[in-house]
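Residues per chain are reported as follows:
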Amino acid sequence: MQAFSFSADRESLRGPRIVRVGLIQNSISLPTTAPFLDQRRAIFKKLTPIIDAAGSSGVNVLCLQEAWTMPFAFCTREKKWCEFAEPIDGESTQFLQEFARKYNMVIVSSILERDVYHGETLWNTALIIGNHGNIIGKHRKNHIPRVGDFNESTYYMEGNTGHPVFDTAYGKIAVNICYGRHHPLNWLAFGLNGAEIVFNPSATVGELSEPMWPIEARNAAIANSYFVGSINRVGTEVFPNPFTSGDGKPQHADFGHFYGSSHFSAPDSSCTPSLSRHKDGLLISDMDLNLCRQLKEKWGFRMTARYEVYADLLARYVKHDFEPQVISDPLLYKNA
């Protein structure tokens, strides 16, 4: 466990809005060859004392890592892993609802969702469980990677829930799931909808993304004047059947090392140290949400943005007859 705090300037007409926020990173508990129910229940058992520690420490909002109920098996393209999918009110939600009620805590739970009302379609979904144990809502992952071993589109496609912000007892929160952190407009949209804290539950490996990991969320926090909580799982998960991903690499049985390193970023460009690259961990931070508005007023990003100009460009860009606004030097082709 590590704990930190972000402060804001004292205001005359508004009191502090201090919220205690927690992030949990963890490895799976059993080999991927174990029965699926045993794997899930073992993760529940592992997380119980960590969630209890968060609740006992007074955490108001807690976020778990992407697809926390299972190994991140989407590299394999094997459909048997679909068995881990569950409806939004499934076993993992019921498990977390007890903690939400016990500790008066909002919990963000990223699962493989089975949409029982639409042909049992699968989605990568984050649920927001309210501090009374109620389900406030859900958000489905907007951007699905097609790079390296991230073969996620074998299981689910891009989400259809837009960029919702959830107004909770402890502030307005949003969830930018994993690969969405590479898309600046995705971060922007949550900010335009009024988010004060955006969580980025992830499952990403060192060789591919680690150089970018400490940069992207921090940039998003600065540009959008909100806090960001970045969570990544830990460990190397080995699967029973070797796989390839069409990238010329030899077949292999693991995704690579999930490097943890969960951390918080603030709108004033400050950030916490990261959790371990190799160990389970709980990161807790107090944050005064007043800092969000104070930084908006300091920098004026919202006031000085040219949204109408960007909107015009994007509206033209999505049309099939779009032509880039490029002005060429006439002398470039004079002698062509």
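Here, every reference points to the structure presented above.
The following refers to the structure shown. Keep in mind it's a predicted model, so treat the numbers as computed, not measured.

### Remarks on the sheet that holds strand β6 (residues 135-140)
- In spatial order, the strands read β1-β14-β2-β3-β4-β5-β6; together these seven strands make up an open sheet with mixed pairing. Where the open sheet ends on each side, the last strands, each with one partner, are β1 (2-6) and β6. Geometrically, the sheet is characterised by an average inter-axis angle of 25° between neighbouring strands, direction not taken into account.

### Things to note about the environment of L295
- By the element assignment, L295 lies in helix α6 (residues 290-299).
- Of the residues examined, L295 reaches a relative accessible area of 8% and is grouped as buried.
- Along the backbone, L295 and D268 are 27 residues apart, and their C-alpha atoms lie at a distance of 6.7 Å.
- Excluding residues within four positions of it along the chain, L295 makes contact with S225, P267, D268 and G300.

### Describing the nonpolar core
- Among the nonpolar cores identified, the biggest contains 29 residues, and I173, F199 and F227 are the most heavily contacted of them.
- Counting residues in hydrophobic clusters, the runner-up holds 24 residues, among them W68, L96, Y103 and L127.

### Topic: the sheet that holds strand β7 (residues 166-168)
- In space, the five strands of this open sheet follow the order β7-β8-β9-β10-β13, with mixed pairing throughout. Each edge of the open sheet is held by one strand with a lone partner, namely β7 and β13 (263-265). With strand direction ignored, the average angle separating the axes of adjacent strands in the sheet is 25°.
- Bridge count for strand β10 (residues 227-232) against β13 is three bridges, and the pairing is antiparallel. Bridge pairing links V228 to S265 in β13.
- The strands that helix α3 (residues 184-192) touches are β8 (171-175), β9 (197-202) and β10; relative to β9, the one it contacts most, it runs at about 145°.

Reading guide: rules and limits
- Residues numbered from 1 in each chain as written.
- Predicted model: local features only at pLDDT ≥ 70, side-chain atom pairs only at ≥ 80, totals over all residues.
- Heavy atoms only, no water.
- Pairing = 2+ DSSP bridges.
- Helix = DSSP H or I, 4+ residues; strand = E, 2+ residues; numbered from the N terminus.
- Axes fitted to C-alpha atoms, helices over the stretch in contact; angles between N-to-C directions.
- Buried < 20%, exposed > 50% of the residue type's maximum accessible area, 1.4 Å probe, protein only.
- Contact = heavy atoms within 4.5 Å.
- Core = buried A, V, L, I, M, F, W, Y, C linked by side-chain atoms within 4.5 Å.

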